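These are the residues of each chain, in order.
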Amino acid sequence: MTDTSPDETSRLTQQEALVAIMVATSASDDTVRTSELLTIQRIVQSLPVFAGFDHSAIRPVSELVFRLFAEEDGLDAFFSVVKEALPRRLNETAYALACDIAASDGRLGQQELEMLEEIREELEVSKLHAAAIEQGARARHLGL
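Everything in this summary refers to the structure shown in the same document. (Residues numbered from 1 in each chain as written. Predicted model: local features only at pLDDT ≥ 70, side-chain atom pairs only at ≥ 80, totals over all residues. Heavy atoms only, no water.)

### A short note on the overall build of the protein chain
(1) Moving on: Of the regular secondary structure elements, the protein chain holds seven helices and zero strands.
(2) Moving on: Going from the N terminus to the C terminus, the protein chain shows its helices and strands as α-α-α-α-α-α-α.
(3) Moving on: Relative to the globule expectation of 15 Å for 144 residues, the C-alpha radius of gyration of the protein chain, 14 Å, shows essentially globular dimensions.
(4) Moving on: With respect to the principal axes defined by its C-alpha atoms, the protein chain has extents near 45 × 30 × 30 Å.
(5) Moving on: Buried residues in the protein chain amount to 43% of all 144 residues.
(6) Moving on: Sequence separation of 24 or more characterises 74% of the internal contacts of the protein chain that already satisfy a separation of 6 or more.
(7) Moving on: For the protein chain, the exposed area adds up to about 8,000 Å²; of that, 50% sits on carbon and sulfur atoms.
(8) Moving on: Of note, the protein chain has its 13 positive side-chain charges centred 7 Å away from the centre of its 25 negative side-chain charges. (Helix = DSSP H or I, 4+ residues; strand = E, 2+ residues; numbered from the N terminus. Rg over C-alpha atoms; globule rule 2.2 N^0.38 Å. Buried < 20%, exposed > 50% of the residue type's maximum accessible area, 1.4 Å probe, protein only. Contact = heavy atoms within 4.5 Å. Areas by Shrake-Rupley, 256 points an atom, 1.4 Å probe, with all protein chains shown as cover. Lys, Arg positive; Asp, Glu negative; His and termini not counted. Charge placed at Lys NZ, Arg CZ, Asp CG, Glu CD.)

### Quick look at the side chain of aspartate 100
(1) Moving on: With respect to the helices, strands and loops of the structure, aspartate 100 is situated in helix α5 (residues 91–103).
(2) Moving on: Judged by its relative accessible area of 11%, aspartate 100 falls in the buried class.
(3) Moving on: There is a polar contact of 2.7 Å between the side chain of aspartate 100 and the side chain of arginine 140. (Polar contact = N/O pair within 3.5 Å; in protein donor to acceptor, adjacent residues only side chain to side chain.)

### Description of the packing of aromatic side chains
By convention here, two paired aromatic rings are described through the distance between centres and the angle between planes.
(1) Moving on: Throughout the structure, instances matching the rule amount to three aromatic pairs.
(2) Moving on: Between phenylalanine 69 and phenylalanine 78, the aromatic rings sit 5.6 Å apart at their centres with planes inclined by 70°, giving edge-to-face as the arrangement.
(3) Moving on: Looking at phenylalanine 78, the relative accessible area reads 1%, which means it is buried.
(4) Moving on: Measuring from centroid to centroid gives 5.1 Å for phenylalanine 78 and phenylalanine 79, while their planes differ by 70°, and the two rings are edge-to-face.
(5) Moving on: Cluster of aromatic residues (ring-pair linked, three or more members): Phe69, Phe78 and Phe79. (Phe/Tyr/Trp six-rings, centres within 6.5 Å; stacked < 30°, edge-to-face > 60°.)

### Points about helix α7 (residues 127–140)
(1) Moving on: With 14 residues, α7 extends 20 Å from end C-alpha to end C-alpha; this agrees with the ideal 20 Å at 1.5 Å per step.
(2) Moving on: Among all positions of α7, only Ala130, Ile133 and Ala137 are buried. On an axial view of α7, the arc spanned by its buried residues comes to 65°, and they lie on one face. Exposed positions of α7 whose direction lies more than 90 degrees from the buried face are Leu128, Ala132 and Ala139.
(3) Moving on: Packed against the buried residues of α7 are α5 and α6 (110–122). (Expected span 1.5 Å × (residues − 1). Arc of directions from axis to C-beta.)

Here it is in structure tokens:
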């Protein structure tokens, strides 16, 4: 996170905003599963959008997400911080990452579905593109 004190709402880099979306999706059902954390780590280590990203930033970004979620209007504050950092061209990428995290444990509960819908709406991802992204996530995380 860039030039902030721990008490201020932090400005995120583009990469940190993508991590924040993944962490928020994982935390949306009040349970951060190991499979979701491993998926976040795998994604950060392998996708080109995270080239040069400092992996040690995952923890402070996670702490920011949890801190924002604990506030009364935390979800609004969360999306404000994320949307400030993300250029529109990365909105579908952010949604795809959220879908991958939600699908990674093989369970999609109501809270995760609601979070995905909120992310889709806040990031203005079209329903058609969202459906394609969701189907891709299902296919990638399907077990035998």
